[in-house]
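Topology and contacts: notes
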Amino acid sequence: MQFWVAQTLNSLAFGGLLFLLSSGFSLIFGLMRLANLTHGALFMLGAYIGAYLMRAFPGTSLWMAALASGIAVAVFGGLLERFVLRRLAGNALGQVLLTLGIAFIISDGCLLVFGGDPIPLSTPRWLARPVFLWGFIFPAYRLAVVVLAVCAALGLHILLDRTRLGAMIRAGVDDMAMARAVGIPVSAIFTLVFCLGSAIAGAGGVLAGPILSAYPGLDGDMLPLALIVVILGGVGSITGAFVGSFIIGAIYTFGIALLPDLAYVILFLPMILVIAIRPNGLFGRMAV
Amino acid sequence: MATDALTLDNVHAFYGDSHVLQGVSLAVPQGQVLGLLGRNGVGKTTCISTVAGMVKARGGSIYLGDRRIEALGSETISRAGIGLVPQGRRVFPSLTVQENLSVARRGAKPRWTIQTVFELFPRLQERRRQLAGWLSGGEQQMLAIGRALMGNPTVLLMDEPSEGLAPLIIAEVGRTITRLRDEGMSILLVEQNIRLALELADHIVIMSAGRCVFSGGVEDVRSQPDLIETHLGVAARRPEH
C-alpha cells in the first residue's frame, strides 16, 4: 500500500513539474504558433542557474534561487524572442531548427560550465522531513511542489481568463491579424508571453532540482514529455496543460515503476490515440 | 477646402502575385459615408485591408486626415484612428462579448465605452457574458461594429456589414450606420447590397478590375441604370421606400 501511495505522490509531484514546463510551452505554441524546442533547455538552464546560485551564495534558499533563476531565464527568453525568433515569423521549419539549435548550444554550454555530474539542489530544511498522514509517509517537498503547481495554474488561469491582458492574449490566439487591426499590441504581447513562459520554465527547473537534480540531458528528458502533454491537452489551453501534465506524470511514474521496459510505449500510446481521435487535443479548440 | 477624413491616392496592392489594386484613388469626406461598390473580386476588400494595414500598399499613398499611414503596421493604423469592421465579422470567438469590446478599448475621454456601445446595441448587453462564437450572425455584426467603435476611430471601414443577415437586422445595421454618420463619423462602406448602399451613402465610388471607374453622388448612380448594370451586374431599380 505504501508503494501505491508513494508512487501516487511521486506522480503528482512529477505532474506538477511537468505543468511548470508545459504551461509556458503551450502558451507560446498557442499564441505564436511556435514550437519552442528551446523550452526544455530553458528548464535545465533554470535548474543549473539555481544550483549555481545556491552554491555560490550559501544561504540562498531554494525559493530565492527559483525566483532569481526565473527572472534570468525570462530575460534570456525575451531577448531570444525579440532579436532572433521574431526574424523568423511565419517560417515554421526555420523556427524549429533554430530553437533546436539553441537548445543544443545551451545544453553544451551547461556541460562546459557545470560539468557532467548531476548537481542536486538541496531541499529547504523545513520541507526535508517526511510528513505522516493517515498512517502513510509523505515527502513534504513533493507535496509542496504539487501545491506550487496548483498555485501556478490558478495564477495563470486568473491572468488569462479574468484580466484584460489575458483577453488580449486569447484574442491573439483566436485571430492574430484581427487582434492587430483592433490595436492590440500583439508584438509586445508575444515578448511578454515568451518571457512569462520562460520564467515559469526557469523557476520550474529550480523547483525540480531537489527531485531530479540538474544534470546534462535533463532538457532532452523533459521536452518530449512537455510535447506529449501539449498534444494531449490541446495547444494554448492552460486547463489542458494542467490535466495533461498530471495524466502524463502518472503514466510516466507508474510506467517506470511497474513496466520499466515499456515506459515509453505506455507514454506515447495515449498521445497517438489522442492525435488519431481528437487531433486538437482534449481541451484544444484550434487546428495546429 | 477641408482635408478629407481618408484619402487614397493611386494605391497599388497585391494579393499574392495578382495585382489587385491598380492605382485606386478615392476620398472619404469628413462625416460622410462613401459607398464603395463593384462586382466580386474587383478589389474592394483588398482596398479596405490595405487601408487597415493588413495588406501592404506597394505604391501610392494613404492619408488619414493629414497623416500618411500606408507604411504603418495595422496596430499603429488602428491607434491612429481607423476602425475596422471586417468581412465575416471576425469577432474573437473564445472571448466573451464584453471582453471583445474591452480588448479594443482606447482613448482618454472616449466617446465610445463599453457602456455607450451597450446603449447603441442593448442586445449585446444582454449577452455580455456569452462567448462571441455563440452569438447569432446579427449579434456578431453588432459586436464587430462595437469593437471597432471602442478604438474611438475617426474613420470606420465597414466591409459588407449586411452580408448574410436577415432583413430586420440589416435595417438595424443601416440605422446604426446613419446614426454614426450623423454624429460625425466618416465611413468607408463596402456593400454588395446596392439598394442599402445607395440608401446609406453620400457618395459612391465604383471599382472595376482594381481601378475606380466611377465617382459621384448617389443620384448620379440612380440616374444611370446602365452604370449599375455594367459594373455591378444587376438591373437597376430605384430603391422603394
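Criteria and cut-off values
Residues numbered from 1 in each chain as written. Chains lettered and ligands numbered in written order. Predicted model: local features only at pLDDT ≥ 70, side-chain atom pairs only at ≥ 80, totals over all residues. Heavy atoms only, no water. Phe/Tyr/Trp six-rings, centres within 6.5 Å; stacked < 30°, edge-to-face > 60°. Buried < 20%, exposed > 50% of the residue type's maximum accessible area, 1.4 Å probe, protein only. Helix = DSSP H or I, 4+ residues; strand = E, 2+ residues; numbered from the N terminus. Contact = heavy atoms within 4.5 Å. Buried area = accessible area lost by both parts, 1.4 Å probe. Salt bridge = Lys/Arg side-chain N within 4 Å of Asp/Glu carboxyl O. Polar contact = N/O pair within 3.5 Å; in protein donor to acceptor, adjacent residues only side chain to side chain. 1 Å grid on protein atoms, 1.4 Å probe; cavity = no way out; pocket = protein on both sides within 12 Å on 5 of 7 lines; lining within 4 Å. Points joined across faces, edges and corners; volume = space filled by probe spheres on them. Nonpolar A, V, L, I, M, F, W, Y, C, P; charged D, E, K, R; others polar. Expected span 1.5 Å × (residues − 1). Arc of directions from axis to C-beta. Pairing = 2+ DSSP bridges. pLDDT = per-residue confidence, 0-100. Axes fitted to C-alpha atoms, helices over the stretch in contact; angles between N-to-C directions. Core = buried A, V, L, I, M, F, W, Y, C linked by side-chain atoms within 4.5 Å. Patch = residues over 30% accessible without salt bridge, like charges linked within 9 Å, V, L, I, M, F, W, Y side chains within 5 Å. Areas by Shrake-Rupley, 256 points an atom, 1.4 Å probe, with all protein chains shown as cover.

**Describing the packing of aromatic side chains**
Residues and elements named next belong to chain A. Counted by the stated rule, this structure contains 9 aromatic pairs over all chains. When the centroid spacing of 5.3 Å and the interplanar angle of 80° are considered together, the rings of Phe3 and Trp4 count as edge-to-face. Overall, the relative accessible area of 35% leaves Phe3 in the partly exposed class. Summarising the aromatic geometry, the rings of Phe14 and Tyr252 are spaced 5.1 Å apart at their centres and angled 20° between planes, so their arrangement reads as stacked. Residue Phe14 is located in helix α1 (residues 2–32), and its partner Tyr252 is located in helix α11 (residues 238–258); the two are separated by 238 residues in the primary sequence. Take Phe14 and Tyr252: they sit in the same class, and that class is buried.

**As for the interface of chain B and chain A**
Taken together, the contact between chain B and chain A spans 19 residues of the former and 20 residues of the latter. Of the roughly 1700 Å² buried where chain B meets chain A, counting both sides, 53% is carbon and sulfur surface. Looking at the side of chain B facing chain A, the largest losses of area belong to Glu75, Phe92 and Val103 of chain B, adding up to 34% of the total buried there. If you look at where chain B meets chain A, you find 3 salt bridges. Across the contact surface, chain B and chain A share 13 residue pairs in polar contact (both at pLDDT 80 or more). Those elements giving two or more residues to the side of chain B that touches chain A turn out to be α2 (74–80) and α3 (97–102) of chain B. A per-element tally of the side of chain B that touches chain A places α2 of chain B first, with 4 residues.

**Focus on the layout of surface pockets**
Taken as a whole, the largest pocket encloses approximately 480 Å³ of empty space. Lining the largest pocket are 21 residues; nearest its centre among them are His157, Leu160, Asp161 and Arg170 of chain A together with Ser94 of chain B. Those elements that provide at least two residues to the lining of the largest pocket are α6 (140–162), α7 (164–174) and α11 of chain A together with α3 of chain B. In terms of residues, the lining of the largest pocket owes the most to one element, α6 of chain A, which gives 4 residues. For the lining of the largest pocket, a count of residues per class yields 7 nonpolar, 7 polar and 7 charged.

**Let's talk about unusual backbone geometry**
Residue and element names in this part refer to chain B. Look at Asn10: it is not a glycine, yet its phi comes out positive at around 55°. Classification of Asn10 as partly exposed rests on a relative accessible area of 40%. In the Ramachandran plot, Asn152 falls in the positive-phi region, its phi being about 50° despite a non-glycine side chain.

**Points about helix α12 (residues 263–277) of chain A**
Residue and element names in this part refer to chain A. In a regular helix each residue adds 1.5 Å, so 15 residues correspond to 21 Å; α12 covers 22 Å between its end C-alpha atoms and thus fits that length. Here α12 has its buried residues at Ala263, Leu267, Met271 and Val274. Relative to the axis of α12, the buried residues are bounded by an arc of 60° and lie together on one face. Exposed positions of α12 whose direction lies more than 90 degrees from the buried face are Leu273, Ala276 and Ile277. On its buried side, α12 packs onto α10 (218–233) and α11.

**Some remarks on the pairing of strand β4 (residues 57–64) of chain B**
Residue and element names in this part refer to chain B. Bridging between strand β1 (residues 6–15) and β4 involves 6 bridges; their strand directions are antiparallel. Counted as the bridge partner of Ala13 is Ala57 from β4. Turn length for the β4-strand β5 (residues 67–68) hairpin, with the two strands adjacent in sequence and antiparallel, is 2 residues, and the turn residue Gly65 shows positive phi of about 60°.

**So, helix α1 (residues 44–51) of chain B**
Summarising burial for α1 of chain B: 7 of the 8 residues are buried, a large majority. Those residues of α1 of chain B lying buried are Lys44, Thr46, Cys47, Ile48, Ser49, Thr50 and Val51 of chain B.

**As for empty space enclosed by the protein**
Across all of its chains, the model carries 1 cavity of 30 Å³ or more by this definition. Around the largest cavity, the lining residues are Ala181 and Val182 of chain A together with Ser78, Ile82, Gly83, Leu84, Arg106, Arg147, Ala148, Gly151 and Pro153 of chain B. Elements that contribute at least two residues to the lining of the largest cavity include exactly β6 (82–85) and α6 (137–150) of chain B. For the lining of the largest cavity, the element with the highest residue contribution is β6 of chain B, accounting for 3 residues. Looking at the lining of the largest cavity residue by residue, the classes come out as 6 nonpolar, 3 polar and 2 charged.

**Remarks on the sheet that holds β5 of chain B**
Strands in a sheet are paired, the pairing made by backbone hydrogen bonds, and the direction either parallel or antiparallel. Residue and element names in this part refer to chain B. With antiparallel pairing, 4 strands are arranged side by side in an open sheet as β2-β1-β4-β5. Of all the strands in the sheet, the pair left with one neighbour each is β2 (18–28) and β5. The pairing of β1 with β2 spans 8 bridges and is antiparallel. Each bridged residue has a counterpart across the sheet, and for Tyr15 the counterpart in β2 is Ser18.

**As for the pattern of salt bridges**
Throughout the structure, instances matching the rule amount to 13 salt bridges over all chains. Notably, a salt bridge pairs Arg68 of chain B with Glu70 of chain B, separated by 2.7 Å at the nearest N-O pair. Via salt bridges that share partners, Asp161 and Arg170 of chain A together with Glu99 of chain B belong to a single interconnected network.

**Regarding the confidence of the model for chain B**
Here chain B averages 92 in pLDDT, and 96% of its residues register 70 or above. Predicted confidence is poor over residues 236–241 of chain B, with pLDDT under 50, and the contacts of this stretch with residues over four places away or in other chains come to 8 contacts.

**A look at the sheet that holds strand β8 (residues 186–190) of chain B**
Residue and element names in this part refer to chain B. Spatial strand order, β6-β7-β8-β3-β9-β10: 6 strands in an open sheet with mixed pairing. The sheet is open, and its two borders are formed by β6 and β10 (211–217), each paired with just one other strand. Across the sheet, the mean angle separating the axes of adjacent strands is 15° when strand polarity is ignored. Bridge count between strand β7 (residues 155–159) and β8: 5 bridges; the pairing is parallel.

**Focus on the nonpolar core**
Among the nonpolar cores identified, the biggest contains 160 residues, and Leu6, Leu26 and Leu157 of chain B are the most heavily contacted of them. The greatest single-element share of this core, amounting to 11 residues, is contributed by helix α9 (residues 186–212) of chain A. Not counting residues up to four positions away in its chain, the partners in contact with Leu26 of chain B are Leu6, Thr7, Leu8, Leu34, Leu36, Cys47, Leu188, Val205 and Cys212 of chain B. Phe25, Ala35, Val230 and Val235 of chain A belong to the second-largest nonpolar core, a separate cluster that totals 7 residues.

**Observations concerning a nonpolar patch on the surface**
All names here are of chain A. A cluster of nonpolar side chains, contributed by Phe3, Trp4, Leu258, Leu259, Leu262, Val265, Leu269 and Ile272, occupies part of the molecular surface with about 740 Å² of accessible area. Within the residue set of the nonpolar patch, elements represented by two or more residues are α1 and α12. Take the nonpolar patch: its biggest share by element is 3 residues, from α12. By the element assignment, Phe3 lies in helix α1.

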